[in-house]
Amino acid sequence: MTDKPFLTDIKTLRKRAREHIEKGAVTPGYTGDRETVIKLLNEALATETVCVLRYKRHYFMASGINAQSVAEEFLQHATEEQGHADELAQRIVQLGGEPNLSPDGMLTRSHSEYVEGTSLRDMITEDLVAERIAIDSYREMIHYLGANDPTSRRMLEGILAVEEEHAEDLVSLLDELGSS
Ligand SMILES: [Fe+2]
Ligand SMILES: [Fe+2]
């Protein structure tokens, strides 16, 4: 009984790397369903972009109602969501796809919604709902990717951890608001 070697021998690896070099980072060893992965990443990109817009809106409105510390939290989240959007767009290109940043259909592609909210409490609540949606969809995507695309998976795991922090921040803000 011969054990199947865990690693592909160097000769085969080198030969494979030379085939289809125009595919850049996508080698024949990539076992993900590339089209589906790109589609999922584009949905996440739309989600993050909608989150940036919503947090920005909340930032400016909260500044207007003199809630400086909450406004700053909104702004920080907006900046972090923009960072996530950039990471996703970059990975889409690496996989040979195109980031879809068209405003047309952005809300349909996005998992989370754009709700303006009127009071500070409304805004925080809507942001919390959006974060919880993002958390669930990232978790599902990570599960879907499994071992087929470790780079995308690792990136999504990093983003997921930040969304969980965002949700926690918002819960704290709601608590503070409740006791005031
Ligand atoms: Fe995000
Ligand atoms: Fe977030």
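Above this text is the structure in question.
No experiment lies behind these values; they were computed from the predicted model shown. (Residues numbered from 1 in each chain as written. Chains lettered and ligands numbered in written order. Predicted model: local features only at pLDDT ≥ 70, side-chain atom pairs only at ≥ 80, totals over all residues. Heavy atoms only, no water.)

## Concerning a nonpolar patch on the surface
A cluster of nonpolar side chains, namely Leu53, Leu107 and Tyr114, defines an oily patch on the protein surface of about 280 Å² accessible area. Checked against the element boundaries, Leu107 lands in helix α4 (residues 106-109). (Patch = residues over 30% accessible without salt bridge, like charges linked within 9 Å, V, L, I, M, F, W, Y side chains within 5 Å. Areas by Shrake-Rupley, 256 points an atom, 1.4 Å probe, with all protein chains shown as cover. Salt bridge = Lys/Arg side-chain N within 4 Å of Asp/Glu carboxyl O. Helix = DSSP H or I, 4+ residues; strand = E, 2+ residues; numbered from the N terminus.)

## Re the coordination of the iron ion (ligand 2)
Those protein atoms acting as donors to the iron ion (ligand 2) are Glu81 (OE), Glu131 (OE), Glu131 (OE), Glu163 (OE) and His166 (ND1), and they sit at 2.0 to 2.3 Å. Ordering the donors of the iron ion (ligand 2) by residue number gives the pattern E-x49-E-x31-E-x2-H. Separating the iron ion (ligand 2) and the iron ion (ligand 1) is a distance of 3.9 Å, and Glu81 donates to both of them. Separated by 85 residues along the polypeptide, Glu81 in helix α3 (residues 68-94) and His166 in helix α6 (residues 150-179) bring together distant segments of the chain. Judged on exposure class, the residue Glu81 and its partner His166 are both buried. (Donors = N, O, S within 2.8 Å, 3.2 Å for Na, K, Ca; no water. Buried < 20%, exposed > 50% of the residue type's maximum accessible area, 1.4 Å probe, protein only.)

## A short note on helix α5 (residues 120-145)
The first and last C-alpha atoms of α5 sit 37 Å apart over 26 residues, in line with the 38 Å expected at 1.5 Å per residue. Looking one or two residues beyond α5, the residue adopting positive phi is Gly146, at roughly 50°. (Expected span 1.5 Å × (residues − 1).)

## Side note on the coordination of the iron ion (ligand 1)
Ideal values differ by geometry: the angle at a metal is 109.5 degrees with four tetrahedral donors, but 90 or 180 degrees with six octahedral donors. The protein atoms that coordinate the iron ion (ligand 1) are Glu48 (OE), Glu48 (OE), Glu81 (OE), His84 (ND1) and Glu163 (OE), at distances spanning 1.9 to 2.4 Å. Within one chain, the residues donating to the iron ion (ligand 1) are spaced in sequence as E-x32-E-x2-H-x78-E.

## Digging into the packing of helix α2 (residues 34-64) against α3
Contact pair α2 / α3: the axes reach a minimum separation of 8 Å and the direction vectors enclose 160°. Taken together, α2 and α3 sit at an angle that is classed as roughly antiparallel. Crossing of α2 over α3 shows left-handed handedness. Among the residues making up the contact of α2 with α3, the classes are represented as 17 nonpolar, eight polar and four charged. (Axes fitted to C-alpha atoms, helices over the stretch in contact; angles between N-to-C directions. Parallel < 35°, antiparallel > 145°, perpendicular 65-115°, else oblique. Left-handed = near helix turned anticlockwise from the far one by under 90°. Nonpolar A, V, L, I, M, F, W, Y, C, P; charged D, E, K, R; others polar.)

## So, the pattern of salt bridges
In total, this model carries eight salt bridges according to the counting rule given. Residue Glu116 is joined to Arg57 by a salt bridge in which the shortest nitrogen-to-oxygen separation is 3.6 Å. A residue pair is termed long-range when its members are at least 10 positions apart, and Glu116 in the loop between α4 and α5 and Arg57 in helix α2 qualify at 59 residues. Among the residues examined, Arg57 registers a relative accessible area of 28% and is labelled partly exposed. For Glu164, the salt bridge goes to Arg139, with nearest N and O atoms at 3.5 Å. Of this pair, Glu164 sits in helix α6 while Arg139 sits in helix α5, placing them 25 residues apart in sequence. Through salt bridges with shared partners, a single ionic network connects Asp136, Arg139 and Glu164.

## Concerning the packing of aromatic side chains
Under the criterion given, the structure shown has two aromatic pairs. An angle of 40° between the planes, with centres 6.2 Å apart, marks the rings of Tyr55 and Phe74 as tilted. Taken together, the residues span a long stretch of sequence, with Tyr55 in helix α2 and Phe74 in helix α3 at a distance of 19 residues. Here the guanidinium or amino end of Arg54 rests over the ring plane of Tyr55, the centre of that ring lying 5.1 Å away. (Phe/Tyr/Trp six-rings, centres within 6.5 Å; stacked < 30°, edge-to-face > 60°. Lys NZ or Arg CZ within 6 Å of the ring centre and 35° of its normal.)

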